Amino acid sequence: MRSAHIPEAVTRSFPARVEEVTTIVAYLAGRAAELGVPDMRVMQLELAVEEAVMNICSYAYPAEAPGELLVRTWAGPDCFTVEIEDTGDPFDPLARADPDLPDDLDARVVGGLGIMLIRRLVDDVRYRREGGRNVFTMVVRIEE
Amino acid sequence: VEVIVKNQEGFVVVRVTQRLDASTTPEFEKRCVEIISADTPRMVLDFSNLEYISSAGLRSILATAKKLQALGGGLSLCGLSGLVEEVISVSGFDRVLPVYAGVDDAVRPHS
């Protein structure tokens, strides 16, 4: 017997290539909207997923041998979860501290803001290494 | 992304609409490089019809701001709302660049 409380996860595979980022983000946005995530939260998720996927597509695999990336999504009664998996080298994007944000334009370094944006825009973010895969999880609460 | 450029009160006003993300930012950045000139190094980015910006867009804004500053000018932002306003605030860009409500405020003389 299947419990009505166990949300059904949907997993889809994409090539881990920078050219696929728009497709992956659009897919995620569609899933989130379908599962009842409010518009503003969908946009925040799109951004978080774009940042996470860009990292994977840019760094996880050698350029000459791009790998695969899995997007798994599900919703519980009050939250929506997206997990992004790759089989690249172990890499914990959350291990690094947020960059300094000096008030002086000259002192600002270009880049390094992606992970910080993810941390601020979603309600929970986690990383785990599991069976040769990097699993990056982002959760948003569903509330208007 | 759609990029519309005009000159107003000695400023180059660049209206950017829709999305500044990983796939559209290279086009935006290319346009910025074409537009930036030592004659009018003061630029305003009008984001009133921009819906979405990611770190790719932020990188491009910062690079543009640094170039303009090196030319003795500068970059300001206007028309922020929703996610764009949130991202600009979280990244602290509103502390390194002037932010105005609209284009008219941005091109008004400031002391």
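As a reminder, the structure under discussion sits directly above these lines.
Within any chain, residue numbers begin from 1 and follow the written order of that chain's sequence. Key to labels: chains lettered from A, ligands numbered from 1, both in the order written. In view of the model being predicted, local features appear only for residues whose pLDDT reaches at least 70, and side-chain atom pairs are presented and counted only at 80 or more, with totals across whole chains, interfaces and linings using the full set of residues. Note that water and hydrogens are dropped before the side-chain values are worked out from all heavy atoms of the structure.

Observations regarding the interface of chain B and chain A
Move 1: In what follows, residue pairs with any heavy atoms lying within 4.5 Å of each other are defined as contacts. Each partner contributes residues to the interface: chain B has 28 residues there, and chain A has 26 residues.
Move 2: Across the pair Glu-46 of chain A and Arg-19 of chain B runs a salt bridge, and its minimum N-O distance is 2.7 Å.
Move 3: The way it works is that DSSP assigns letters per residue, a run of H or I at least four long becomes a helix, a run of E at least two long becomes a strand, and they are numbered from the N terminus. Elements with a contribution of two residues or more to the side of chain B that touches chain A: strand E4 (50–53), helix H2 (55–70), helix H3 (82–90) and helix H4 (93–96) of chain B.
Move 4: All residues other than Ala, Val, Leu, Ile, Met, Phe, Trp, Tyr, Cys, Pro, Asp, Glu, Lys and Arg, Gly among them, are scored as polar; the first ten of these are nonpolar and the last four charged. Taken together, the residues of the side of chain B that touches chain A sort by class into 14 nonpolar, 7 polar and 7 charged. One speaks of a salt bridge when a side-chain nitrogen belonging to Lys or Arg is within 4 Å of a carboxyl oxygen belonging to Asp or Glu.

Considering helix H2 (residues 39–59) of chain A
Each full turn of the α-helix corresponds to 3.6 residues, which orients residues three or four apart in the same direction.
Move 1: One less than the number of residues in a helix, times 1.5 Å, gives the span that helix is expected to have. Its 21 residues give H2 of chain A an end-to-end C-alpha distance of 30 Å, which sits within 8% of 30 Å, the value for a rise of 1.5 Å per residue.
Move 2: Residue exposure (1.4 Å probe, protein chains only): buried if accessible area is under 20% of the type maximum, exposed if over 50%, otherwise partly exposed. Extensive coverage of H2 of chain A is indicated by the burial of 16 of its 21 residues.

Overview of the environment of Phe-11 of chain B
All names here are of chain B.
Move 1: Topologically, Phe-11 is positioned in strand E2 (residues 11–20).
Move 2: On the basis of relative accessible area, Phe-11 is assigned to the buried category, the value being 10%.
Move 3: Along the sequence, Phe-11 and Val-44 sit 33 residues apart, while their C-alpha atoms lie 6.8 Å from each other.
Move 4: Leave out the neighbours within four places in its chain, and Phe-11 touches Lys-6, Arg-42, Met-43, Val-44, Ala-106 and Val-107.

Details of the pairing of strand E3 (residues 42–46) of chain B
All names here are of chain B.
Move 1: Taken across its 5 residues, E3 has 4 buried, putting it largely inside the fold.
Move 2: The pairing of E2 with E3 spans 4 bridges and is classified as parallel. If you follow Arg-15 over to E3, its bridge partner there is Asp-46.
Move 3: Two strands are counted as paired when DSSP detects at least two bridges linking them. With 5 bridges joining them, E3 and strand E5 (residues 74–78) adopt parallel strand pairing. Paired with Leu-45 across the bridge in E5 is Leu-77.

A word on the packing of H2 of chain A against helix H3 (residues 114–121) of chain A
Residues and elements named next belong to chain A.
Move 1: Axis lines are fitted through C-alpha atoms, for helices just across the contact stretch, and the angle between N-to-C directions can take any value from 0 to 180 degrees. The interhelical angle for the contact between H2 and H3, taken along N-to-C directions, is 150 degrees, at an axis separation of 9 Å. Comparing their axes, H3 and H2 come out roughly antiparallel. The chirality of how H2 crosses H3 is left-handed. Two secondary-structure elements touch here, H2 through Arg-41, Gln-44, Leu-47, Ala-48, Glu-51, Ala-52 and Asn-55 and H3 through Gly-114, Ile-115, Leu-117, Ile-118 and Leu-121.
Move 2: Of the residues in the contact of H2 with H3, the class split is 7 nonpolar, 3 polar and 2 charged. An angle counts as roughly parallel when it lies under 35 degrees, as roughly antiparallel when it exceeds 145, as roughly perpendicular when it falls between 65 and 115, and as oblique in every other case. By the definition used in this description, the sense in which the near helix is turned from the far one sets the handedness, with an anticlockwise turn below a right angle giving left-handed and a clockwise turn giving right-handed.

Here we look at the environment of Val-5 of chain B
Residue and element names in this part refer to chain B.
Move 1: Mapped onto the secondary structure, Val-5 falls in strand E1 (residues 2–8).
Move 2: Measuring from C-alpha to C-alpha, the distance between Val-5 and Arg-15 comes to 6.3 Å, with 10 residues separating the pair along the chain.
Move 3: Other than its neighbours up to four places away in sequence, Val-5 contacts Val-12, Val-13, Val-14, Arg-31 and Ile-35.

Quick word on the environment of Leu-113 of chain A
Move 1: Mapped onto the fold, Leu-113 of chain A is located in the loop between strand E3 (79–86) and H3.
Move 2: For the pair Leu-113 of chain A and Arg-126 of chain A, spaced 13 residues apart in sequence, the C-alpha to C-alpha distance is 17 Å.

A short note on empty space enclosed by the protein
Unoccupied space between atoms shows up once a probe the size of one water molecule is rolled over them.
Residues and elements named next belong to chain A.
Move 1: Points on a 1 Å grid, built from protein atoms alone, make a cavity when a 1.4 Å probe fits but cannot get out and make a pocket when they are open with protein on both sides within 12 Å along at least 5 of 7 lines; residues with an atom within 4 Å of a point are the lining residues. Grid points are joined across faces, edges and corners, and a volume is the space filled by probe spheres set on the points. All chains considered together, the criterion is met by 1 cavity of 30 Å³ or more.
Move 2: Quantified by volume, the largest cavity comes out at close to 140 Å³.
Move 3: In terms of lining residues, the largest cavity is bounded by 15 residues, among which Ile-56, Asp-86, Phe-91, Pro-93 and Asn-134 are the most central.
Move 4: Those elements that provide at least two residues to the lining of the largest cavity are H2, E3 and strand E5 (133–141).
Move 5: Looking at the lining of the largest cavity element by element, the count peaks at 4 residues for H2.
Move 6: Residues belonging to the lining of the largest cavity are distributed by class as follows: 11 nonpolar, 2 polar and 2 charged.

Digging into helix H1 (residues 21–34) of chain A
Move 1: Compared with the 20 Å implied by 1.5 Å per residue over 14 residues, the 20 Å span of H1 of chain A between its first and last C-alpha is a close match.
Move 2: Taken together, the buried positions of H1 of chain A are Val-21, Ile-24, Val-25, Tyr-27, Leu-28, Ala-29, Arg-31 and Ala-32 of chain A.
Move 3: Contacts made by the buried residues of H1 of chain A are with strand E1 (10–15), H2, strand E2 (68–75) and E3 of chain A together with E2 of chain B.

Description of the nonpolar core
Move 1: Core analysis: the biggest nonpolar cluster contains 39 residues, and Met-43, Leu-45, Phe-47, Ile-53, Ile-61 and Leu-97 of chain B have the highest contact counts within it.
Move 2: For Leu-97 of chain B, the contacting residues outside a window of four places in its chain are Leu-105 of chain A together with Ile-61, Ala-65, Leu-75 and Leu-77 of chain B.
Move 3: Leu-28, Ala-48, Ala-75 and Phe-136 of chain A belong to the second-largest nonpolar core, a separate cluster that totals 37 residues. For our purposes a nonpolar core is just a set of buried Ala, Val, Leu, Ile, Met, Phe, Trp, Tyr and Cys residues, chained together by side-chain atoms within 4.5 Å.

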